[in-house]
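Remarks on the overall topology
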Amino acid sequence: MEIRAPYIIVGAFVLSAIVAVFGFVYWLNNVGGIGKRQTYQLVFADPVPGLLVGAGVLFNGIRVGEVTALELVPDRPREVHATIAVAERTPVHSDTRVGLDFQGLTGVPVIALEGGDDPQAPPAREPLVAEKGAGRSMTQAARDALRRVDAVLSENAAPLHSTIDNLSTFAEGLARNTPKLDGIVAGLERMTGGGAPAPRKVVYDLHAVDDFGAQRHANLPEQLVMAEPTAIARLQTQRFLFSPDEESQGFEGAQWGDSLPVLVQARLLQSFENYDVDHAPLRADSGVEGTPRLLIDLRRFEIVQGAQPRATISLSAKIVDRNGQVKAAKLLEGSEGINSLTPSEAAAAFDRAFGSLARELVMWVASTD
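Quick summary incoming for the structure in this document. This one's a predicted model, so the numbers in the text were calculated from it and none came from an experiment.

Taken together, seven strands build an open sheet; the order of strands is S5-S6-S2-S3-S4-S1-S7 and the sheet is mixed. This sheet does not close on itself; its edge strands, each paired only once, are strand S5 (97-103) and strand S7 (128-129). Sheet topology places strand S2 (residues 56-59) next to strand S3 (residues 62-73); four bridges connect them, and they run antiparallel. Each residue of the ladder has a partner; that of Phe59, found in S3, is Ile62.

Bringing the pattern of salt bridges into the picture now. Oppositely charged side chains can pair when the atoms bearing their charge come close. The final tally for this structure, using the stated rule, is nine salt bridges. In this structure, Arg78 and Asp46 form a salt bridge, with 4.0 Å as the shortest nitrogen-oxygen distance. Placement of the pair is Arg78 in strand S4 (residues 76-87) and Asp46 in the loop between strand S1 (37-44) and S2, with a sequence separation of 32 residues. A relative accessible area of 60% means that Arg78 is categorised as exposed. Of the charged contacts in the structure, one is a salt bridge between Lys330 and Glu360, with a shortest N-O distance of 3.7 Å. Note that Lys330 is positioned in strand S15 (residues 326-337) and Glu360 in helix H6 (residues 343-366), a separation of 30 residues in sequence. Linked by salt bridges that have partners in common, Arg234, Arg300 and Glu302 make up one network.

Right, let's get into the pairing of strand S6 (residues 108-114). With three bridges joining them, S2 and S6 adopt parallel strand pairing. Across the sheet, Val57 pairs through a bridge with Ile111, a residue of S6. Strand direction decides the pairing type here: S5 and S6, joined by seven bridges, are antiparallel. Across the sheet, the residue bridging to Leu100 is Ile111, located in S6.

Looking now at unusual backbone geometry. The omega angle of the peptide bond from Ser243 to Pro244 is 0 degrees, so this bond is cis rather than trans. Note that Pro244 resides in the loop between strand S10 (242-243) and strand S11 (254-256). The backbone phi angle of Asn60 is positive, close to 55 degrees, even though this residue is not glycine. Mapped onto the secondary structure, Asn60 falls in the loop between S2 and S3.

The next subject is the environment of Gly50. If you trace the backbone, Gly50 turns up in the loop between S1 and S2. For Gly50, a relative accessible area of 49% translates into the label partly exposed. The sequence separation of Gly50 and Val108 amounts to 58 residues, and the corresponding C-alpha distance is 7.3 Å.

Attention now goes to the packing of aromatic side chains. Scanning all chains against the criterion turns up nine aromatic pairs. Between Phe212 and Tyr275, the ring centres sit 5.0 Å apart and the planes meet at 85 degrees, which makes this aromatic pair edge-to-face. Note that Phe212 is positioned in the loop between strand S8 (202-204) and strand S9 (225-226) and Tyr275 in helix H5 (residues 260-275), a separation of 63 residues in sequence. In this pair, the class of Phe212 matches that of Tyr275, namely buried. Joined through ring pairs, the aromatic side chains of Tyr204, Phe240, Phe242, Phe251, Trp256, Phe301 and Phe350 make up one cluster.

Ranked by size, the top nonpolar core spans 49 residues in total, and within it Phe240, Trp256, Leu294, Phe301, Phe350, Leu361 and Val365 carry the most contacts. For this core, the elements supplying multiple residues, two or more each, are S11, H5, strand S13 (293-304), strand S14 (310-320), S15 and H6. Of all the elements, H6 adds the most residues to this core, at 14 residues. Among residues more than four places away in sequence, those in contact with Leu294 are Leu224, Val225, Met226, Ala227, Phe272, Ala317, Lys318, Ile319, Trp364 and Val365. Within the second largest apolar cluster, 22 residues are counted, among which are Phe59, Ile111, Leu128 and Ala130.

Each value, and the rule that gives it
Residues numbered from 1 in each chain as written. Predicted model: local features only at pLDDT ≥ 70, side-chain atom pairs only at ≥ 80, totals over all residues. Heavy atoms only, no water. Pairing = 2+ DSSP bridges. Helix = DSSP H or I, 4+ residues; strand = E, 2+ residues; numbered from the N terminus. Salt bridge = Lys/Arg side-chain N within 4 Å of Asp/Glu carboxyl O. Buried < 20%, exposed > 50% of the residue type's maximum accessible area, 1.4 Å probe, protein only. Phe/Tyr/Trp six-rings, centres within 6.5 Å; stacked < 30°, edge-to-face > 60°. Core = buried A, V, L, I, M, F, W, Y, C linked by side-chain atoms within 4.5 Å. Contact = heavy atoms within 4.5 Å.

Now the structure itself:
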């Protein structure tokens, strides 16, 4: 009796162990996560760096199985075939997308399955073909992108260099013309009702010479025609001009009554009429043809800044006969000091300079045969 007791205990222990093993296997197959599996064949047309047997298989980010086999195809060296086993109820359909994902800081590769958009899609037909480029990691994708960028830059080095030079030239031009651009922007703001209110305009004029005194000694010669004076684009303005070319404080609202060539022509014609109204030059638009011409070129009309600012006017005059030959020519210049650099003082100085110049021009024409 004493000998049989240990055998009973040992037998009971062994029986309990067998039951426990069978129970664990049952739990593992039905509750512990293994369960029934469905296998699928996958085809990768690109390399699958780091993928190993036993790597996880994710469906929409949830682990549903693992890789059970990997193999190469001798007659198609670019392809990699993988066998996966996933839970039987995993919804792998014909529109399921297959890719490779890299998880964690070390980039452990796993196979990623993603459900399609059609819930009525039929079951998948093997093999499932992975998306193109599915095996590329972020590092490889970045490397390929940098390689393509480098190729593009190498092929277009000369045009890019030319573009950069043009941008530099454009930027320098903008820097030189910043004050003008500020003026344009300010003008646009005023047109649209924004910005600071525009300064009040004050208009100034020149006066024709009406007193020749003892200098008047002869009538004007044969009838002449005088067109509008020619001038460079800078002088086609009503603004007060400065040399160097920068506007002085206080002249924002000051302007002449007309553009400078038109104003000079009008006052010169009036000066000739005040000297000899019967033979004063006619305007070019008067309809007279075949008449000698008085040609005026306005060369300067500006305030020369410095220790003593001066109002300076300069022009050239030519008398051309009926055949287009120059009979006489003269350069004239008038300059007057400006006591204080204000629009009214500057306009007065220009008026004095113009009076001297107009008187000299009239007397020169009167003395020309």
